[in-house]
Amino acid sequence: GTLSTFAAYADADYVAPSGIHKLRGRLREAGYVESEVCERLGKNPQELEPTDLPYLDRFALGSGDLEDLLRLFQLRAAIGEDRARSLLGAEGYEFLLDQGAISSEGGLVLARVDLFPVGELVVATDHRYQVLESDKLSEDPVMYLGLDSVGLVNTAPRVDVESHLDLCTGSGVQALVAASYSDFVIGVDLNPRAIRFARFNADLNEIDHVDFRLGNLYEPVANEQFDSITANPPFVPSPNESLGFRDGGRNGEAILSCIVQGAGEKLRANGRLSIVTDLVDPDQYIEKISNWWSGGAICGLILTTADRDEALFSVPHARAPFGQSYEEYSEELSRWVNSYRSASLGTVNFGYILLQENSEAGVENHIVQRVVSSPMDPIYDQARELVNLLVFDTEDNLGRFEFTPAPGLRVQTERRLDGSTLKNEILVPDNPWFTRYRLEANLLGLLEEAGASPLSWVNLGERGLVQQARALVEKGLLVGRLRQDAPPAVCGLPRAEVWPPCRIVIDELATKTTPTCVSNYLQ
Ligand SMILES: C[S@@+](CC[C@H](N)C(=O)[O-])C[C@H]1O[C@@H](n2cnc3c(N)ncnc32)[C@H](O)[C@@H]1O
């Protein structure tokens, strides 16, 4: 039964039979990696709707090894037992059967788990869409990889570190990704089923420097400190408390606030905290974070996407596509909207909080907010570079940099027939780090100048253009590179001119992206 999925992994010291390594080999040979899976499905697994599954299975997906593995582990279709055995290898097949990850009946095999490719990793979770009677679990389900999961994978800066902590680890996906840049990783979750899945996933991907611990947030790591922390907490402002991976209290911040509050003493100097979350009334977050944070100064980014109002937010949460009557939907919708109102939520955005401990510079917090598209492709390098610049900014050392426009940047001009300009918009096509920006002529001029020849901070200071340049830097439109002739530490400008922080507002367009909400399929 499903209760016992990966039961053996309840024991942290369990050693799987060698068949599991052959299984990983089989999946890899068949091309079960993110790029090939996306190509074959015609979209990202995160974008699959439950209504897509039978169509893809029966009409769109051709035949082949990868196709049949996708039928089994993404599309909820049955495949013949002999076929499954040959695809997974005899030992892999037996192992998955033993662990309750597949089931076999009357010569047909069904998966009990979904397998998500993340780069070169493969991660098992409970079914994203629990649409069949037999999908019901008696334990809290382990979350599928959603846009939030993949978004954090693509956003959290990857910097080589000794130790990393992944809070709310679920399937373990963030911990396994962090293992690629950390000497040692600890993943923590409240749900015992998640810990078993996470240990299996580490085994499947042959990652042995990760330790998964059962418990509440920082409790299982009481005496340890880390260089970086990731967290994808339950963040949905919800009328329910029934779904452990989703419900974050009435305003969604119950777990989030604890994570930020506790991070100060868990992070080493210059340590990083990267979180994906719903952002309730996003313009208040710079203040909220400063209030929650207990520790030295911090630098960081709040990356937002689009605001949802009570209807945009509540409808997808209330709606289930199969087996829900109109009356049930209406009732459920009322619960979500009433909860939204009783919590006095203004808008619910979705995005990322990236913080870096900065107490060595010993100045005040420097947190910048900007809009991105929820990234299906990496933006972690750009995020790391921008936070770096903020750190240098607080240290008064931007004089060591020169600034050029972001690569790929374009200007789109709308003109009247008489040639007069209606508006200029800046964009960087197909790049989730950016949105579209409306720029005043003077800022556009500064970008054009930087395109012709790099701008030095000192020169900008002499011309009184530091605030304008800072506004462009904070939006990522001007990028800083260390000057080749940069001395170790030069004071670009007197402190008085560096602060107060930027007051020039650049008009950013909200992006379309909001996370697909599939939690309603789990009721
Ligand atoms: C949104 S899921 C994230 C799963 C995974 N990290 C990802 O990115 O896909 C949130 C997870 O947090 C866990 N969780 C909820 N409250 C927790 C707490 N207080 N301490 C530890 N884990 C918690 C849930 O069991 C669930 O697995």
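Residues numbered from 1 in each chain as written. Predicted model: local features only at pLDDT ≥ 70, side-chain atom pairs only at ≥ 80, totals over all residues. Heavy atoms only, no water.

Glancing now at the sheet that holds strand β19 (residues 478-482). Strand-to-strand pairing in sheets goes through backbone hydrogen bonds, with the strands running parallel or antiparallel. The sheet built from 3 strands is open, its strands ordered β18-β14-β19 with antiparallel pairing. Here the strands that pair on one side only, and so sit at the sheet edges, are β18 (455-456) and β19. Pairing analysis gives 5 bridges linking strand β14 (residues 401-405) to β19, with the strands arranged antiparallel. Note on β19: the bridge partner recorded for phenylalanine 403 is glycine 480. The strands that helix α15 (residues 441-452) touches are β14, β18 and β19; relative to β14, the one it contacts most, it runs at about 110°. (Pairing = 2+ DSSP bridges. Helix = DSSP H or I, 4+ residues; strand = E, 2+ residues; numbered from the N terminus. Contact = heavy atoms within 4.5 Å. Axes fitted to C-alpha atoms, helices over the stretch in contact; angles between N-to-C directions.)

This brings us to the packing of aromatic side chains. All told, the structure shown has 16 aromatic pairs when counted by the stated rule. These aromatic residues form a ring-pair network of at least three members: Phe6, Tyr9, Tyr14, Phe95, Phe197 and Phe200. We note arginine 370 situated over the ring of phenylalanine 434; from NZ or CZ to the ring centre the distance is 5.8 Å. (Phe/Tyr/Trp six-rings, centres within 6.5 Å; stacked < 30°, edge-to-face > 60°. Lys NZ or Arg CZ within 6 Å of the ring centre and 35° of its normal.)

Once that is clear, we can look at the site of the ligand. Surrounding the ligand, one finds 18 residues, the nearest of these being Ser149, Cys168, Asp189, Asn216 and Asn232. Between aspartate 189 and the ligand, the recorded distance is 2.6 Å, taken from a side-chain N or O atom to an oxygen atom. Residue leucine 190 places a main-chain N or O atom 3.2 Å away from a nitrogen atom belonging to the ligand. Within the complex, 96% of the 600 Å² of free accessible area of the ligand lies under protein. (Near = heavy atom within 4 Å. Polar contact = N/O pair within 3.5 Å; in protein donor to acceptor, adjacent residues only side chain to side chain. Areas by Shrake-Rupley, 256 points an atom, 1.4 Å probe, with all protein chains shown as cover.)

With that settled, the discussion passes to the sheet that holds strand β20 (residues 507-508). One open sheet holds the 4 strands; their spatial order is β15-β16-β17-β20, and the pairing between them is antiparallel. Two strands in the sheet have a free side with no partner beyond their single neighbour: β15 (410-415) and β20. Bridge count between β15 and strand β16 (residues 421-427): 6 bridges; the pairing is antiparallel. Within β16, the residue paired with valine 411 across the bridge is isoleucine 426.

So, on to the environment of glycine 92. Tracing the backbone through its elements, the reader meets glycine 92 in helix α6 (residues 90-98). Here glycine 92 is in contact with Gly19 and Leu23, once residues within four sequence places are set aside.

Leu273, Leu301 and Leu439 are the most contacted members of the largest nonpolar core, which totals 84 residues. Broken down by element, the residue count for this core peaks at 7 residues, all from helix α14 (residues 380-394). Discounting chain neighbours no more than four positions away, the residues touching leucine 273 are Ile229, Ile259, Val260, Ala263, Leu267, Trp293, Ile353, Leu354 and Leu355. By size, the runner-up hydrophobic cluster in this structure holds 41 residues, among which are Leu48, Ile102, Ala111 and Phe197. (Core = buried A, V, L, I, M, F, W, Y, C linked by side-chain atoms within 4.5 Å. Buried < 20%, exposed > 50% of the residue type's maximum accessible area, 1.4 Å probe, protein only.)

Taken N-terminus to C-terminus, the directions of helix α4 (residues 65-73) and helix α5 (residues 81-88) make an angle of 110°; their axes are 11 Å apart at the nearest point. Taken together, the axes of α4 and α5 lie roughly perpendicular to each other. Between α4 and α5 lies a crossing of left-handed hand. Only Arg83, Leu87 and Leu88 of α5 make contact with α4, whose side of the interface consists of Asp65, Asp68, Leu69 and Phe73. Split into classes, the residues belonging to the contact of α4 with α5 amount to 4 nonpolar, no polar and 3 charged. (Parallel < 35°, antiparallel > 145°, perpendicular 65-115°, else oblique. Left-handed = near helix turned anticlockwise from the far one by under 90°. Nonpolar A, V, L, I, M, F, W, Y, C, P; charged D, E, K, R; others polar.)

Moving on, we come to a nonpolar patch on the surface. Residues Val131, Leu132 and Phe322 make up a contiguous nonpolar surface patch of roughly 250 Å² in combined accessible area. The residue phenylalanine 322 is located in the loop between α12 (310-318) and α13 (326-342) in this model. (Patch = residues over 30% accessible without salt bridge, like charges linked within 9 Å, V, L, I, M, F, W, Y side chains within 5 Å. Salt bridge = Lys/Arg side-chain N within 4 Å of Asp/Glu carboxyl O.)

Secondary-structure assignment places alanine 269 in strand β10 (residues 267-280). By relative accessible area, which is 44% here, alanine 269 ends up partly exposed. Distance in space between the C-alpha atoms of alanine 269 and aspartate 485 is 28 Å, their sequence separation being 216 residues. Non-local contacts of alanine 269, meaning those with residues more than four positions away in its chain, are made with Glu357 and Glu360.

Moving on to the packing of helix α1 (residues 19-30) against α6. Put simply, α1 and α6 touch, their axes get as near as 8 Å, and they point 110° apart. It follows from the interaxial angle that α1 and α6 lie roughly perpendicular. Where α1 crosses over α6, the two elements pack in a sense that is left-handed. Where α1 approaches α6, its residues Gly19, Ile20, Lys22 and Leu23 are matched on the opposing element by Glu91, Gly92, Phe95 and Leu96.

Examined against the element boundaries, glutamate 253 turns out to sit in the loop between β9 (226-231) and α10 (254-266). Non-local contacts of glutamate 253, meaning those with residues more than four positions away in its chain, are made with Gly248, Val280, Tyr285, Lys288 and Trp292.

Below, the discussion takes up unusual backbone geometry. Even without glycine at this site, glutamate 206 takes up a positive phi of about 55°. A relative accessible area of 45% means that glutamate 206 is categorised as partly exposed. Positive phi values are uncommon outside glycine, yet aspartate 281 reaches one of about 50°. Secondary-structure assignment places aspartate 281 in the loop between β10 and α11 (285-292). Judged by its relative accessible area of 18%, aspartate 281 is buried.

Turning next to the pattern of salt bridges. Applying the stated criterion across every chain, the model contains 32 salt bridges. A salt bridge links aspartate 65 to arginine 83; the nearest nitrogen and oxygen atoms lie 3.0 Å apart. Within this pair, whereas aspartate 65 is found in helix α4, its partner arginine 83 is found in helix α5, the two being separated by 18 residues in sequence. What makes aspartate 65 partly exposed here is its relative accessible area of 41%. Assessed through its relative accessible area of 28%, arginine 83 is described here as partly exposed. A cluster of three or more residues bridged by salt bridges with shared partners is formed by Asp57, Asp65, Asp68, Arg71 and Arg83.

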